[in-house]
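# Analysis of the macromolecular model
Spelled out, the chains give:
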Amino acid sequence: MTTTERESAANFPPTPGEVQPVSRRLRVEFAGEVIAETTRGVRIVERDRPPVYYFPPEDIRMERLVPEDKTTTCEYKGIASYWGVRVGDRHAQGAIWSYPNPKEGYEAIREHMAFYPWMMDAAYVDDIPVTTPNNDWYGGWQTADIEGPWNQ
């Protein structure tokens, strides 16, 4: 997909679909630093929701991450673990999650990490800003090249 094409979230599968490789440049910034940047990410899409992007750990500034004693369960993907991001005196608690042992069909996201974009200072797909609102539980990345309707 190029940055001029538009996708419709209405055409995504009704439940979290297959893991799709993404060659577009994904970037997350926090406290004046690039925390993660990759062209080797993956995404999962679900009808009427923005895609969730996962970064390989090699493309994340792991020294900026703080493990947390928090887990949640997704009926499709399994048990998620959480991290915060700390840069200087700024801390975004619970800003990142991953599935260390994902369920069958989601093995490609093992060890990859997803960011709540609204907890970061900025997030981008290529140079398109992510505009996802804070809804406290869904980490999809809403951008101008994907049209709703949105069910967040």
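The following paragraphs examine the structure supplied in this document. Predicted, not measured: the structure shown is a model, and the values here were computed from it.

## Some details on the pairing of strand S3 (residues 26-30)
- Within S3, four of the five residues are buried, leaving the element largely enclosed by the surrounding structure.
- Two elements, S3 and strand S4 (residues 33-38), share five bridges in a ladder whose sense is antiparallel. Opposite Phe30, over in S4, you have Glu33 as the bridge partner.
- Between S3 and S4, which pair antiparallel in sequence order, lie two residues; one of them, Ala31, sits at a positive phi of approximately 50°.
- Pairing of S3 with strand S11 (residues 122-125), which is carried by four bridges, proceeds in the antiparallel orientation. Note on S11: the bridge partner recorded for Arg27 is Tyr124.

## With respect to the sheet that holds strand S8 (residues 78-87)
- A sheet is described by the order of its strands in space; here seven strands give the open sequence S2-S5-S6-S10-S9-S8-S7, paired in antiparallel fashion. Sheet topology places strand S2 (20-22) and strand S7 (65-74) at the edges, where each strand pairs with a single neighbour. Taken over all neighbouring pairs, the strand axes of this sheet differ in orientation by 35° on average, direction set aside.
- Pairing of S2 with strand S5 (residues 41-46) involves three bridges; the strand directions are antiparallel. Opposite Val22, over in S5, you have Gly41 as the bridge partner.

## Examining the packing of aromatic side chains
- Applying the stated criterion to the full structure yields six aromatic pairs.
- Ring centres of Tyr54 and Trp97 lie 6.3 Å apart, and the angle between their planes is 80°; this geometry places the pair in the edge-to-face category. In this pair, Tyr54 sits in strand S6 (residues 49-55) while Trp97 sits in strand S9 (residues 90-98), placing the two residues 43 residues apart along the sequence. Grouping residues by exposure puts Tyr54 and Trp97 together as buried.
- A centroid spacing of 4.5 Å and a plane angle of 40° characterise the contact between Trp97 and Tyr116, whose relative ring orientation is tilted. Residue Trp97 is located in strand S9, and its partner Tyr116 is located in the loop between strand S10 (113-115) and S11; the two are separated by 19 residues in the primary sequence. Both residues of the pair, Trp97 and Tyr116, belong to the buried class.
- Against the face of Tyr138 rests Arg49, its NZ or CZ located 5.2 Å from the ring centre.

Reading the values: rules and limits
Residues numbered from 1 in each chain as written. Predicted model: local features only at pLDDT ≥ 70, side-chain atom pairs only at ≥ 80, totals over all residues. Heavy atoms only, no water. Buried < 20%, exposed > 50% of the residue type's maximum accessible area, 1.4 Å probe, protein only. Helix = DSSP H or I, 4+ residues; strand = E, 2+ residues; numbered from the N terminus. Pairing = 2+ DSSP bridges. Axes fitted to C-alpha atoms, helices over the stretch in contact; angles between N-to-C directions. Phe/Tyr/Trp six-rings, centres within 6.5 Å; stacked < 30°, edge-to-face > 60°. Lys NZ or Arg CZ within 6 Å of the ring centre and 35° of its normal.

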